[in-house]
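# Residue-level structural notes
Residues per chain are reported as follows:
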Protein chains: 2
Amino acid sequence: MYPNWILQRAHLTPTRTALNYEGRNWTFEELKKISVERAGQLTALGVKPKERVAILGPSQPRLIFMMFACMHLQCEMVMLNRKLSKHELEYQIEDAQVEKVLVDDEDLSLLPDHQKPILFSVVESIMGQPCEISKEWDMEQTISIMYTSGTTGYPKGVRQTVGNHQASALASVLNIGLTEEDVWLCAVPLFHISGFSILVRSLLYGNAVKLYKRFDIEGTIMDIADGHVTHMSAVAVMLQRILQGLEEKGLKASPRFKLILAGGGPVPEKYIERAHRLKLMVSQTYGMTETSSQTATLSNEDALRKLGSAGKPLFFNQIQISDALSPREMGEILIRGPHVTPGYIGRFSEKSSTIDGWLHTGDIGYLDEDGYLFVVDRRSDLIISGGENIYPAELENVLLSHEAVQEAGVCAIEDETWGQVPAAFIVLKSDATEAELIQFCSERLAKYKVPRYFYFVPNLPRNGSDKLMRRKLKELLQ
Amino acid sequence: MYPNWILQRAHLTPTRTALNYEGRNWTFEELKKISVERAGQLTALGVKPKERVAILGPSQPRLIFMMFACMHLQCEMVMLNRKLSKHELEYQIEDAQVEKVLVDDEDLSLLPDHQKPILFSVVESIMGQPCEISKEWDMEQTISIMYTSGTTGYPKGVRQTVGNHQASALASVLNIGLTEEDVWLCAVPLFHISGFSILVRSLLYGNAVKLYKRFDIEGTIMDIADGHVTHMSAVAVMLQRILQGLEEKGLKASPRFKLILAGGGPVPEKYIERAHRLKLMVSQTYGMTETSSQTATLSNEDALRKLGSAGKPLFFNQIQISDALSPREMGEILIRGPHVTPGYIGRFSEKSSTIDGWLHTGDIGYLDEDGYLFVVDRRSDLIISGGENIYPAELENVLLSHEAVQEAGVCAIEDETWGQVPAAFIVLKSDATEAELIQFCSERLAKYKVPRYFYFVPNLPRNGSDKLMRRKLKELLQ
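Cut-off values and rules
- Residues numbered from 1 in each chain as written.
- Chains lettered and ligands numbered in written order.
- Predicted model: local features only at pLDDT ≥ 70, side-chain atom pairs only at ≥ 80, totals over all residues.
- Heavy atoms only, no water.
- UniProt positions renumbered as here; feature names shortened; annotations may be inferred.
- Core = buried A, V, L, I, M, F, W, Y, C linked by side-chain atoms within 4.5 Å.
- Buried < 20%, exposed > 50% of the residue type's maximum accessible area, 1.4 Å probe, protein only.
- Contact = heavy atoms within 4.5 Å.
- Buried area = accessible area lost by both parts, 1.4 Å probe.
- Salt bridge = Lys/Arg side-chain N within 4 Å of Asp/Glu carboxyl O.
- Polar contact = N/O pair within 3.5 Å; in protein donor to acceptor, adjacent residues only side chain to side chain.
- Helix = DSSP H or I, 4+ residues; strand = E, 2+ residues; numbered from the N terminus.
- Nonpolar A, V, L, I, M, F, W, Y, C, P; charged D, E, K, R; others polar.
- Least-squares fit on C-alpha atoms with pLDDT ≥ 70 in both.
- Domains from an automatic or database assignment.
- Axes fitted to C-alpha atoms, helices over the stretch in contact; angles between N-to-C directions.
- Parallel < 35°, antiparallel > 145°, perpendicular 65-115°, else oblique.
- Left-handed = near helix turned anticlockwise from the far one by under 90°.
- Pairing = 2+ DSSP bridges.
- Phe/Tyr/Trp six-rings, centres within 6.5 Å; stacked < 30°, edge-to-face > 60°.
- Expected span 1.5 Å × (residues − 1).

- Chain A appears in an unreviewed UniProt entry as 2-succinylbenzoate--CoA ligase from Ureibacillus aquaedulcis.
- What the UniProt record of chain A gives under Function (unreviewed entry) is the line "Converts 2-succinylbenzoate (OSB) to 2-succinylbenzoyl-CoA (OSB-CoA)."
- Check the Sequence similarities (unreviewed entry) section of the UniProt entry for chain A; it says "Belongs to the ATP-dependent AMP-binding enzyme family. MenE subfamily."

### A short note on the nonpolar core
- Ranked by size, the top nonpolar core spans 230 residues in total, and within it Leu280 of chain A together with Leu280 of chain B carry the most contacts.
- Among all residues touching leucine 280 of chain B, those that are not within four sequence positions of it are Ile224, Ile242, Leu243, Leu246, Ala253, Phe257, Ile260 and Ala275 of chain B.

### Overview of the interface of chain B and chain A
- The interface is formed by 37 residues belonging to chain B together with 37 residues belonging to chain A.
- Summed over both sides, the interface of chain B with chain A buries roughly 3,300 Å², with 56% coming from carbon and sulfur.
- Residue arginine 336 of chain A is joined to glutamate 136 of chain B by a salt bridge in which the shortest nitrogen-to-oxygen separation is 2.6 Å.
- At the surface where chain B touches chain A, the tally comes to 15 residue pairs in polar contact (both at pLDDT 80 or more).
- Elements that contribute at least two residues to the side of chain B that touches chain A include exactly β1 (2–3), α1 (5–12), α6 (162–176), α7 (193–205) and β17 (312–313) of chain B.
- If you tally residues by element for the side of chain B that touches chain A, the top one is α1 of chain B, at 5 residues.
- In the side of chain B that touches chain A, the residues fall into 18 nonpolar, 11 polar and 8 charged.

### What about the side chain of asparagine 207 of chain B?
- With respect to the element layout, asparagine 207 of chain B can be found in the loop between α7 and β12 (208–211).
- Leaving out residues up to four positions away in the same chain, asparagine 207 of chain B has contacts with Thr17, Ala18, Phe28, Asp182, Trp184, Arg201 and Ser202 of chain B.

### Regarding the relation of the copies chain B and chain A
- With an RMSD of 0.1 Å, chain B superimposes on chain A once it is rotated by 180° and translated 0.0 Å along the axis. Taken together, the turn and the small shift mark the pair as related by a two-fold rotation axis. For chain B, the residue whose C-alpha comes nearest the rotation axis is leucine 178 of chain B, separated from it by 2.5 Å.
- Most of the interface of chain B is mirrored in chain A, where 100% of its interface residues are also at the interface.

### A short note on the domain arrangement of chain A
Residue and element names in this part refer to chain A.
- Partitioning chain A into domains gives domain 1 (2–137), domain 2 (164–342 + 351–379) and domain 3 (382–477).
- For domain 1 versus domain 2, the distance between C-alpha centres works out to 26 Å.
- Taken together, the 26 residues of domain 1 in the interface contact 23 residues of domain 2.
- Counting each side, the surface lost to burial between domain 1 and domain 2 is near 2,200 Å², with a carbon and sulfur contribution of 65%.
- Area buried by domain 1 at its contact with domain 2 is led by Trp5, Arg16 and Ser59, which between them contribute 28% of it.

### Observations regarding the packing of helix α3 (residues 61–72) of chain A against helix α7 (residues 193–205) of chain A
Residue and element names in this part refer to chain A.
- Direction vectors running N to C along α3 and α7 enclose 65°, while the axes themselves pass 12 Å from each other. Here α7 runs roughly perpendicular to α3, going by the angle between their axes. Of the two possible hands of crossing, α3 and α7 adopt the one that is right-handed. Across from Ile64, Met67, Phe68 and Met71 in α3, the residues of α7 making contact are Phe196, Leu199 and Leu203.
- Of the residues contributing to the contact of α3 with α7, the split by class is 7 nonpolar, no polar and no charged.

### Things to note about the environment of alanine 303 of chain B
Residues and elements named next belong to chain B.
- Within the element layout of this structure, alanine 303 appears in the loop between β16 (293–297) and β17.
- In this structure the C-alpha to C-alpha distance between alanine 303 and glutamate 273, which are 30 residues apart in sequence, comes to 9.4 Å.
- Those residues in contact with alanine 303 that lie beyond four places of it in its chain are Ile272, His276, Val282 and Leu298.

### Things to note about the UniProt feature "domain: AMP-binding enzyme C-terminal" (unreviewed entry) in chain A
- Under the local residue numbering, the UniProt record ascribes the feature "domain: AMP-binding enzyme C-terminal" (unreviewed entry) to residues 394–467 of chain A.
- Here residues 394–467 of chain A runs as 22% helix and 34% strand, with 16 Å between its end C-alpha atoms.

### Observations regarding the pattern of salt bridges
- Taken as a whole, this structure holds 54 salt bridges over all chains when the rule is applied.
- Ionic pairing is found between arginine 82 of chain B and aspartate 107 of chain B, a salt bridge with its closest N-O pair at 2.6 Å. Separated by 25 residues along the polypeptide, arginine 82 of chain B in the loop between β5 (76–79) and α4 (86–96) and aspartate 107 of chain B in the loop between β6 (100–103) and β7 (118–119) bring together distant segments of the chain.
- By sharing partners, the salt bridges in this structure join Arg62, Asp104, Asp105 and Glu124 of chain A into a single network.

### What to know about the sheet that holds strand β27 (residues 453–456) of chain A
Residues and elements named next belong to chain A.
- Taken together, the 3 strands give an open sheet; going across it, the order is β25-β26-β27, and neighbouring strands pair in mixed fashion. Each having just a single partner strand, β25 (405–415) and β27 make up the two edges of the open sheet. The mean inter-strand angle of the sheet, taken between neighbouring strand axes irrespective of direction, is 25°.

### Quick look at unusual backbone geometry
Residues and elements named next belong to chain A.
- Here the phi dihedral of lysine 50 falls at roughly 70°; this positive angle occurs in a residue that is not glycine.
- The residue lysine 50 is located in the loop between α2 (28–44) and β4 (52–56) in this model.
- Judged by its relative accessible area of 49%, lysine 50 falls in the partly exposed class.
- Not every positive phi belongs to a glycine, and serine 293 is a case in point at roughly 95°.
- Here serine 293 is to be found in strand β16 (residues 293–297).
- Residue serine 293 is classed as buried on the basis of its relative accessible area, which comes to 9%.

### Concerning the packing of aromatic side chains
All names here are of chain A.
- Taken as a whole, this structure holds 16 aromatic pairs over all chains when the rule is applied.
- Geometrically, the ring pair formed by tryptophan 5 and tryptophan 137 is edge-to-face, given 5.0 Å between the ring centres and 65° between the ring planes. Placement of tryptophan 5 in helix α1 (residues 5–12) and of tryptophan 137 in strand β8 (residues 136–137) is noted, with a sequence separation of 132 residues between them. Summarising the burial analysis for this pair, tryptophan 5 and tryptophan 137 share the class buried.

### Section: α7 of chain A
Residues and elements named next belong to chain A.
- An ideal rise of 1.5 Å per residue puts 18 Å on 13 residues; α7 measures up with 17 Å between its terminal C-alpha atoms.
- If you check which residues of α7 are buried, you get Ile193, Gly195, Phe196, Ser197, Ile198, Leu199, Val200, Arg201, Ser202, Leu203, Leu204 and Tyr205.
- Looking one or two places after α7, you find glycine 206, whose phi comes out positive at around 80°.

### Some details on the pairing of strand β14 (residues 259–263) of chain B
All names here are of chain B.
- With 5 of 5 residues buried, β14 lies mostly within the body of the structure.
- Side chains of β14 alternate between two faces, with Leu259, Leu261 and Gly263 and Ile260 and Ala262 buried alike.
- Bridge count between strand β13 (residues 231–235) and β14: 5 bridges; the pairing is parallel. Among the inter-strand pairings, alanine 234 is bridged to a residue of β14, identified as alanine 262.
- Across 3 bridges, β14 lies against strand β15 (residues 282–288) in parallel orientation. What sits directly across from leucine 261, in β15, is serine 283.

### Some details on the sheet that holds strand β26 (residues 419–428) of chain B
Residues and elements named next belong to chain B.
- Read from one edge of the open sheet, 3 strands run β25-β26-β27, paired in mixed fashion. The open sheet has two edge strands with one neighbour each: β25 (405–415) and β27 (453–456). Each neighbouring strand pair of the sheet contributes to a mean axis angle of 25°, computed without reference to strand direction.
- Lying on the sheet, helix α11 (residues 392–400) is in contact with β25, β26 and β27; it crosses β25 at an angle near 145°.
- Here helix α12 (residues 434–442) sits on the sheet and contacts β25, β26 and β27; the angle it forms with β27, its principal contact strand, is near 130°.

Okay, structure coming up:
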């Protein structure tokens, strides 16, 4: 009942710029033509409508053409993460039981050796065959499957349907607004929901995407300062580098630049304050693979008033805190809305994604008296020390407010007396001793929260979207 | 699965201005509180959830409070048209078999005498009772029922569901865009879809509505020139008065003013050109009761390039021309999308609103080679003269381009020789003779299209939303 986004967008605004990459532009009509051609080429190679395929490639236009071709065929795309080990990719390909693996020639070496993938170059060069392009899409059809980083146990393949993505994009526009001049900078991976959702919004909104193959700090700073783009999505570590870059160059954001959507974990409050001094609007957002991007986002008008909050739910969404009877009571964050995944594939296909219609996120947070969400931590990262709960993000926030600290990550280390104690992993930007940091923390935290161990490291383990992977911190010690 | 718009909007942006009327403001939180109170009061008076009620009143805040109260109870609101005769209202109330009639005290005299309505003042003064406010709304639930003007035979009560209204508002935002500063001027009746859809958009978008009880040309001109509002909906005759007013006062639209959505029939092309000289953006739109407002709208970027067109479908919608094999072939306009009514009530409840999923509008139009819709005429107004089809709108367009003509309406008059011939009804703004107009038309139209009769009249028959009622033209002669 809803039209194919790619065909409809090309029909409505064929000549508008859809994509900019390394100085070259593609209109929506061009995106449509190329992706329809690719759909015919995939058909010639035996890919059938609604079949499940895996896709692997760096963020460049040919990957978008391939994804859109799969969408024309309404294939279920398993988005493979380029930062995974062969062992991890093997698991996903096997678990998803894909019919085909499509891989950018550049990334062939990332795949397990015994795989027989179809190279992008082969698709691009074969003579296409007539194929059935769905002119209308079913809301229930799975478009993309993304494996969650899986803090413990086996990663789960999460279904994201046409309806999930559409609801997410529509709820976002009601929060962020829209003008014809909007251009989204995309430097987050397309295989993650943060990047793929930028493509979905572009199709629904008709706005251009400026795509980067990888996060290019110099290019990004100039885009923001010159107003070549109006929006971007970033995780905290990217934001930190943008702030530092603008500060070092003495630049401010262009008045044309509107917003950085900051997700993938909590953004230290001091970043938001620094951003505002640079005239850079930053909205903390809370989202995940299971919700096809944002569930809550702090609106512009509240960015400074509600520092540290991930905002209120977007229009179609609802948030509850499990068992909380009053504001500010902490508990598991529960989510409801048309953006919530209908479920999983593979070995978790029997597992329901919701209980009584609510997604149980495993994340810990609270709602304040005005209904603003504060995400305290991922439950799996919770440190329990002598019966007291310690939330790593809180400690990291304190450490990051120290002038010598560039990055900080905190995890639990086993302890005979207390069960667990917190350990801090620090990337320094100027000199500081452990004693200084302990002193600094002691002034700001209850005694049991002060990290017992400090490790100074050159960098922190992060996943494909630069999110801090706390469970990998301990491996740094080995 | 979707939240109650009123509760959710008040939750998300409680302190934003929702409504402005005669210098007074109400926030979304205030709208919520009052409407929830009214829901309790309606409950005390015996109104039950999901019951069908009729509502009659002029456009003022108390009407909005009452409508929102009914929406909390998910009542089916039959929107009574204040311009109808008692006889016509009687038909609708009887056909809809409403449980209650709610009437603004001011409009009591408009109702058939034997009706026992509930006065707004009674609702407003009674002690409320606890009631069940739906926190979530079912997409299939009928919110509003509007009777179509019904060019022939009996008027039909058209269902407009939560899903219809929501899809319409969401498709519109993807076309028009959205900023936090947007303010819609509402001077079209709230009992028509043109007005009610402004309220729906306000709830979804979080923008303010500046409400007028009736079209106030002086106030509107100052709102547009000073930028107190950013958007408004208008029919051609309102647009003409705005243009004339701005021209006479030597004013231009404020840069803050964005758009007049011009619907309810074709807008003469010269109006669009005059508007652009006044820096006033005007988008011709094509919509109807059965589609809960717009189906197609000309986007800003095409306003001058595609003069006379109603644009392309909004993002979720599709348009076809019945039996047309190539561009510019005329035929019946067919519409498909989530905004199309599921059907009718009363004596037409058995009648399907669609055939094979497509709404058959009865309107005549064509799509040009780029897919732009041109609405040629309402089928029921078609004049057939000697086997030739004549579309009144085409003749009116020509007449309106004459400098002495203020308004023009064309209809068929029976003729022994030709079956029908066109007759023109003219409101003059300066002197002109019949001979001059015949000469003017002859230079611009095929001979068979030149009106055979000219009638100079003080005004033209228009319905509640100021749309020209061509079938009533002939009655002017009696």
